[in-house]
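In case you want the letters, here they are:
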Amino acid sequence: QVQLTETGGGLVQAGGSLRLSCTASGSTFSWYPMAWFRQASGNEREFVAGITRGGGATEYADSVQGRFTISRDNDKKIVYLQMNSLIPEDTAIYYCAARLNSMGIGSSKDDYQNWGQGTQVTVSS
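Residues numbered from 1 in each chain as written. Predicted model: local features only at pLDDT ≥ 70, side-chain atom pairs only at ≥ 80, totals over all residues. Heavy atoms only, no water.

S.K.: I tried to follow the nonpolar core on my own but got confused; where do I start?
M.R.: In a soluble, globular protein the nonpolar side chains are often hidden away together inside. Among the nonpolar cores identified, the biggest contains 35 residues, and Met34, Trp36, Leu81, Met83 and Tyr94 are the most heavily contacted of them. Contributions of two or more residues to this core are made by strand 3 (18-25), strand 4 (34-39), strand 5 (46-51), strand 7 (68-73), strand 8 (78-83), strand 9 (92-98) and strand 11 (119-124). Take this core: its biggest share by element is five residues, from strand 9. With residues near it in sequence (within four places) discarded, Met34 still touches Leu4, Cys22, Phe29, Ala49, Gly50, Ile51, Ile70, Arg72, Val79, Ala97, Ala98 and Tyr112. (Core = buried A, V, L, I, M, F, W, Y, C linked by side-chain atoms within 4.5 Å. Buried < 20%, exposed > 50% of the residue type's maximum accessible area, 1.4 Å probe, protein only. Helix = DSSP H or I, 4+ residues; strand = E, 2+ residues; numbered from the N terminus. Contact = heavy atoms within 4.5 Å.)

What follows is the structure, given as structure tokens:
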């Protein structure tokens, strides 16, 4: 198991940017695909972006394609989510997650086993 902690959320105006960080503890961090999910109030948790173990491949939800970028630094045990051109619909709690049972990126929350506690992102109009 790996422990995950998200930071970097906050309040930003539409059109602005934020960078979220997910810091992991555990010696096997580099073995796991990682992903960001988000959950707005009253909604289901949805996939935002995923990245392979070495960072060579990424996947994005259509709603954030071209605006968000996921990356990772395995030496520092951090995965990032750079969010640009933010819109009010991006408002949610953002979670990072590790997939322990597969080498591939999954887009379902059920594909991931380890979760952080989330960081709030609020985009005002």
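S.K.: Honestly, the sheet that holds strand 8 in this entry has me stumped. Any pointers?
M.R.: Paired through backbone hydrogen bonds, the strands of a sheet run either parallel or antiparallel to each other. In spatial order, the strands read 1-3-8-7; together these four strands make up an open sheet with antiparallel pairing. This sheet does not close on itself; its edge strands, each paired only once, are strand 1 (3-7) and strand 7. Neighbour-to-neighbour, the strand axes of the sheet open up by a mean angle of 15 degrees, direction not taken into account. Relative to strand 8, strand 7 is paired through six bridges, and the arrangement is antiparallel. When the bridges of strand 8 are listed, Arg72 appears paired with Val79. (Pairing = 2+ DSSP bridges. Axes fitted to C-alpha atoms, helices over the stretch in contact; angles between N-to-C directions.)

S.K.: Honestly, the pattern of salt bridges in this entry has me stumped. Any pointers?
M.R.: Two side chains carrying opposite charge are able to pair once their charged atoms lie near each other. For the structure on display, the rule yields five salt bridges. Two residues, Glu46 and Arg38, come together in a salt bridge whose shortest N-O distance is 2.9 Å. Judged by its relative accessible area of 38%, Glu46 falls in the partly exposed class. Of the charged contacts in the structure, one is a salt bridge between Arg99 and Asp111, with a shortest N-O distance of 3.6 Å. Highlighted residues: Arg99 in the loop between strand 9 and strand 10 (114-115) and Asp111 in the loop between strand 9 and strand 10, separated in sequence by 12 residues. The class for Arg99 is buried, based on a relative accessible area of 14%. (Salt bridge = Lys/Arg side-chain N within 4 Å of Asp/Glu carboxyl O.)

S.K.: Explain the packing of aromatic side chains here, please?
M.R.: Two aromatic rings, taken as a pair, are described by how far apart their centres are and by the angle between their planes. Here the structure, examined in full by the defined rule, presents four aromatic pairs. Plain terms: the ring middles of Phe37 and Phe47 are 5.6 Å apart, the flat faces sit at 80 degrees to each other, and that makes the pair edge-to-face. With Phe37 in strand 4 and Phe47 in strand 5, this residue pair connects regions lying 10 residues apart in the sequence. The ring of Tyr95 is capped by Arg45, whose NZ or CZ atom sits 3.8 Å from the centre of that ring. Here the guanidinium or amino end of Arg45 rests over the ring plane of Trp115, the centre of that ring lying 4.8 Å away. (Phe/Tyr/Trp six-rings, centres within 6.5 Å; stacked < 30°, edge-to-face > 60°. Lys NZ or Arg CZ within 6 Å of the ring centre and 35° of its normal.)

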